[in-house]
Amino acid sequence: MLVAQNIAEIEERIQNACSRAGRKRSELILMGVTKFVTADKIKEAYNAGVRYFGESRVKEAAQKFETCRDDFPEARLHLIGSLQRNKAKQAVNFFDCIQSADRDELVTELAKHSLERSEPLEVLLELHTGEESKSGYSGLDALFKAAELVLSCGKLKPAGLMTMAPFTKDSKLIRSSFRQLLNAQKELKKRFPPENWACLSMGMSNDFEIAIEEGSTLLRIGSAVFKD
Ligand SMILES: *Cc1c(COP(=O)(O)O)cnc(C)c1O
């Protein structure tokens, strides 16, 4: 029951951060990040009410979730790790959302394969806001171009934006990273159909309270949920 206990503690911290920020808990999704996590633990999280799951690799996700997806009928599965072009087809067929759309050639590939889907594929554009690996789009111009690519494909659903803050204890740096994402969302909403781009995927185990204060709508939490 460790996972359920971890989640209860996280829920309390989410509630407190929401109160501080004058936000409602219902505005936020808690995603369990299940890379390196076994199916048993995923089941514990599901039973404790988690419905969104994030995986960083296509192959690992397929191996784990293909066999147990029937056990998790309401689970929504997102890819959150960087995606190679040659795995795009498999990813498009397997995930409900690709959060790590980080370059035009990948978006083009996702668009191509998404035509075979019955439901549109949700896509989040990843913005680079200071994290070390440098994955993600840099700057608004690149983001706008990518948004046009997404909107030009009927089978891609422009669901929002994603970022990773730098891994640091300096909360100012983290906050500034999240503010960049919120600002980018405002600009996108001004420029493109505003019903889109609603999701702001930001906040991990070490920084989710700051993310809530800065407007996150989806927290990607791994170690805090699944720690022993
Ligand atoms: C691993 C990972 C997370 C979760 O990180 P924790 O620190 O374990 O909460 C969130 N987002 C991405 C993109 C990740 O790769």
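Every value quoted in this text rests on a predicted model; they were computed, and no experiment measured them.

Caption draft 1: Up close: the site of the ligand. In the vicinity of the ligand, the residues found are Val33, Lys35, Ile80, Met164, Met204, Ser205, Arg220, Ile221, Gly222 and Ser223. Side-chain polar atom of serine 205 to an oxygen atom of the ligand: 2.5 Å apart, as the coordinates give it. Across the complex, the protein chains shield 85% of the 390 Å² of accessible surface that the ligand would expose by itself. Because more than half of its atoms lie within 2 Å of the grid, the ligand is assigned to the largest pocket. Residue classes in the shell around the ligand are distributed as five nonpolar, three polar and two charged.

Caption draft 2: Looking closely at the packing of aromatic side chains. Scanning the entire structure with this criterion turns up seven aromatic pairs. Geometrically, the ring pair formed by phenylalanine 94 and phenylalanine 95 is edge-to-face, given 5.4 Å between the ring centres and 90° between the ring planes. Looking at phenylalanine 94, the relative accessible area reads 9%, which means it is buried. Take phenylalanine 95: its relative accessible area is 1%, and that puts it in the buried class.

Caption draft 3: Region of the structure containing the pairing of strand 5 (residues 121-126). Along strand 5, six of the six residues are buried, which leaves the element largely enclosed by surrounding structure. Side chains of strand 5 alternate between two faces, with Leu121, Val123 and Leu125 and Glu122, Leu124 and Glu126 buried alike. As paired elements, strand 4 (residues 97-101) and strand 5 share three bridges and run parallel to each other. In the strand pairing of strand 5, isoleucine 98 is matched with valine 123. Pairing analysis gives six bridges linking strand 5 to strand 6 (residues 156-162), with the strands arranged parallel. Bridged to leucine 124 within strand 6 is glycine 160. What joins strand 5 to strand 6 is helix 6 (residues 139-151), and the crossover it makes is right-handed.

Caption draft 4: Geometry of unusual backbone geometry. Here the phi dihedral of phenylalanine 36 falls at roughly 65°; this positive angle occurs in a residue that is not glycine. The topology assignment puts phenylalanine 36 in the loop between strand 1 (29-33) and helix 2 (39-47). A residue is classified by how much of its surface remains accessible, and phenylalanine 36, at 69% relative accessible area, is exposed. For tryptophan 197, which is not glycine, the phi dihedral falls at a positive 65°. When you line up the elements, tryptophan 197 lands in the loop between helix 7 (171-191) and strand 7 (199-201).

Caption draft 5: Summary view of helix 3 (residues 58-68). Within helix 3 the residues assigned to the buried category are Val58, Glu60, Ala61, Ala62, Lys64, Phe65 and Cys68. Where helix 3 is buried, its residues touch helix 2, strand 2 (52-55), strand 3 (76-79) and helix 4 (88-94).

Caption draft 6: Region of the structure containing the layout of surface pockets. Taken as a whole, the largest pocket encloses approximately 490 Å³ of empty space. Along the walls of the largest pocket sit 24 residues, with Val33, Lys35, Ile80, Met164 and Met204 positioned nearest its centre. Its residues assigned to classes, the lining of the largest pocket comprises ten nonpolar, ten polar and four charged. Quantified by volume, the second largest pocket comes out at close to 240 Å³. Element by element, the count of residues in the lining of the second largest pocket is highest for strand 6, at three residues. Looking at the lining of the second largest pocket residue by residue, the classes come out as nine nonpolar, three polar and four charged.

Caption draft 7: Here's a closer look at the environment of glycine 203. Looking at the element boundaries, glycine 203 is found in the loop between strand 7 and helix 8 (208-213). Using a relative accessible area of 1% as the deciding quantity, one classes glycine 203 as buried. Separated by 65 residues in the primary sequence, glycine 203 and serine 138 have C-alpha atoms spaced 19 Å apart.

Rules of the game
Residues numbered from 1 in each chain as written. Predicted model: local features only at pLDDT ≥ 70, side-chain atom pairs only at ≥ 80, totals over all residues. Heavy atoms only, no water. Near = heavy atom within 4 Å. Polar contact = N/O pair within 3.5 Å; in protein donor to acceptor, adjacent residues only side chain to side chain. Areas by Shrake-Rupley, 256 points an atom, 1.4 Å probe, with all protein chains shown as cover. 1 Å grid on protein atoms, 1.4 Å probe; cavity = no way out; pocket = protein on both sides within 12 Å on 5 of 7 lines; lining within 4 Å. Sits in = over half its atoms within 2 Å of the grid points. Nonpolar A, V, L, I, M, F, W, Y, C, P; charged D, E, K, R; others polar. Phe/Tyr/Trp six-rings, centres within 6.5 Å; stacked < 30°, edge-to-face > 60°. Buried < 20%, exposed > 50% of the residue type's maximum accessible area, 1.4 Å probe, protein only. Helix = DSSP H or I, 4+ residues; strand = E, 2+ residues; numbered from the N terminus. Pairing = 2+ DSSP bridges. Right-handed = clockwise from strand over helix to strand, strands pointing away. Contact = heavy atoms within 4.5 Å. Points joined across faces, edges and corners; volume = space filled by probe spheres on them.

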